[in-house]
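# Fold and geometry: a report
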Amino acid sequence: DKWRKGFEFELHSIKSRQELRRERVINDIKTKLENERKILIIGQSGSSKSTILMELMCDYFDAGYEIFYNKGISELKNTDGLVNFIENRLRMNEKILVAVDDAHNDRTNSIFYVVDKLSNSELTKDLRFIMTARLPEFKWLLDRLDKVQEELRMSIRKLTRDVNFIYQIPFLTKDEIRDFIKLYLENIDDDEA
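Residues numbered from 1 in each chain as written. Predicted model: local features only at pLDDT ≥ 70, side-chain atom pairs only at ≥ 80, totals over all residues. Heavy atoms only, no water.

## Thoughts on the nonpolar core
What counts is decided by this rule: Only buried residues count toward a nonpolar core. Its members are Ala, Val, Leu, Ile, Met, Phe, Trp, Tyr and Cys residues joined through side-chain atoms within 4.5 Å. We call a residue buried when its accessible area falls under 20% of the maximum for its residue type, exposed when it is over 50%, and partly exposed in between, using a 1.4 Å probe and counting protein chains only. Working rule for contacts: check all heavy atoms of both residues, and any pair within 4.5 Å makes them a contact.
One finds Ile111, Phe112, Phe129 and Met131 to be the most contacted residues of the largest nonpolar core, which totals 29 residues. Ignoring any residue separated from it by four or fewer positions in sequence, one finds Met131 in contact with Ile39, Leu40, Ile41, Val100, Ala103, Ile111, Val115 and Phe165. In terms of nonpolar packing, the next biggest core, distinct from the first, is built from 20 residues, Ile14, Val25, Ile26 and Ile41 among them.

## Examining the packing of helix α2 (residues 23-36) against helix α3 (residues 49-62)
What counts here: Helix axes are fitted to C-alpha atoms over the stretch in contact, other axes to C-alpha atoms as well, and angles between N-to-C directions run from 0 to 180 degrees. Numbering of helices and strands starts at the N terminus; helices are DSSP runs of H or I of at least 4 residues and strands are runs of E of at least 2. By definition in this entry, angles of less than 35 degrees are roughly parallel, angles greater than 145 are roughly antiparallel, angles of 65 to 115 are roughly perpendicular, and the rest are oblique. A crossing counts as left-handed when the near helix is turned anticlockwise from the far one by less than a right angle, and as right-handed when that turn is clockwise. Note that Gly is not counted as nonpolar here; it falls among the polar residues with everything else outside the nonpolar set of Ala, Val, Leu, Ile, Met, Phe, Trp, Tyr, Cys and Pro and the charged set of Asp, Glu, Lys and Arg.
Two elements in contact, α2 and α3, have axes separated by 11 Å at closest approach and are oriented at 60 degrees. Considering their axes alone, α2 and α3 lie oblique with respect to each other. Seen from above, α2 lies across α3 with right-handed handedness. On the side of α2, the interface is formed by Val25, Ile26, Ile29, Lys30, Leu33 and Glu34, while α3 contributes Ile52, Glu55, Leu56, Asp59 and Tyr60. Among the residues making up the contact of α2 with α3, the classes are represented as 7 nonpolar, no polar and 4 charged.

## Focus on the packing of aromatic side chains
This is how it is decided: Stacked, tilted and edge-to-face are the three classes applied to pairs of Phe, Tyr and Trp rings, where Trp contributes its six-membered ring and a pair requires centres within 6.5 Å; stacked means planes under 30 degrees apart, edge-to-face means over 60, and tilted covers the rest.
Enumeration over the complete set of coordinates arrives at 4 aromatic pairs. A ring pair is formed by Phe112 and Phe165, whose centres lie 6.4 Å apart and whose planes are at 70 degrees; its orientation type is edge-to-face. One end of the pair, Phe112, is in helix α5 (residues 111-119); the other, Phe165, is in the loop between α7 (150-161) and β5 (166-168), with 53 residues separating them in the sequence. On the basis of relative accessible area, Phe112 is assigned to the buried category, the value being 0%. Ring pairs connect the aromatic residues Phe112, Phe138 and Phe165, which therefore count as one cluster.

## Comments concerning the confidence of the model for the protein
Defined as follows: A score from 0 to 100, pLDDT tells how confident the predictor is in each residue.
Here the protein averages 86 in pLDDT, while 89% of its residues score no lower than 70. A low-confidence stretch, residues 1-7 stays under pLDDT 50, and its non-local contacts, those more than four residues away or across chains, total 9 contacts.

## A word on α7
Short version of the rule: To estimate the expected span of a helix, count its residues, drop one, and scale the result by 1.5 Å. When we speak of the arc, we mean the arc of directions from the helix axis to the C-beta atoms.
With 12 residues, α7 should reach 16 Å at 1.5 Å per residue; the first-to-last C-alpha distance of 17 Å fits that figure. Among the residues of α7, Leu152, Arg153, Ser155, Ile156 and Leu159 are the ones counted as buried. All buried residues of α7 lie within an arc of 165 degrees about the axis, which places them on one face of the element. In this fold, the buried residues of α7 make contact with β1 (38-44), α5 and α6 (137-143).

## Topic: the packing of helix α4 (residues 79-91) against α5
Any two packed helices are characterised by the angle at which their axes cross and by the distance between the axes. Direction vectors running N to C along α4 and α5 enclose 45 degrees, while the axes themselves pass 10 Å from each other. Taken as axis vectors, α4 and α5 run oblique relative to one another. As α4 packs across α5, the resulting crossing turns out to be right-handed. Residues Thr79, Asp80, Leu82, Val83, Ile86 and Glu87 of α4 pack against Tyr113, Val114, Lys117 and Leu118 of α5.

## Points about unusual backbone geometry
A cis amide bond links Leu135 to the next residue, Pro136, at an omega of 10 degrees. Tracing the backbone shows Pro136 in the loop between β4 (127-135) and α6. One non-glycine residue with positive phi stands out, namely Asn78, at about 50 degrees. Structurally, the position occupied by Asn78 is in the loop between β2 (66-70) and α4. In this model, Asn93 sits at a positive phi of 60 degrees, which is unusual for a non-glycine residue. Mapped onto the elements, Asn93 comes out in the loop between α4 and β3 (96-100).

## Examining the pattern of salt bridges
Put simply, the rule is: A pairing counts as a salt bridge when a side-chain nitrogen of Lys or Arg comes within 4 Å of a carboxyl oxygen of Asp or Glu.
Taken as a whole and judged by the stated rule, the model has 12 salt bridges. Between Arg128 and Glu34 there is a salt bridge whose closest N-O contact spans 2.9 Å. Taken together, the positions of Arg128 in strand β4 and Glu34 in helix α2 put the pair 94 residues apart, joining distant regions of the chain. You can call Arg128 buried: its relative accessible area is 5%. Its relative accessible area of 36% is what places Glu34 among the partly exposed residues.

Okay, here's the thing in structure tokens:
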């Protein structure tokens, strides 16, 4: 009911698969993620970036990964400490997924530095990074890179030059729209339809 009024799905709803799951998109992202071990999902507001991120978090959790998640609210500080923390966990043979929503903002864009530093580590076989960024805000971040710290600027430039790193969410297909309406129409009274 909250969702129909404009609220995003929450993690527990997604874990129990109460949303329309875009399997083709999820599978495309998983394939890229397994090949590259890092991915930035970009798209317009409302294009399902956060929902897809949470679906992937649930899938990786079910596959035995420990999930470190930042919804874009908390500032990522002490990035070198975070790199050391993750490396130590990987040395204990843990599988880790780091998920950061809204990596385009100033509170969370330091995740690019962390990804860059850990991409060079020998321990990355069990490490995955998924980030989301909203358009046009992500393009604005790229346009003002001269205003961020040099190490972060170098990391962002390095990562975004890799065409395999960025995945732009495609628009809903006609079949997905039809499935979406069918799924949610069951939960709508005739008066609301």
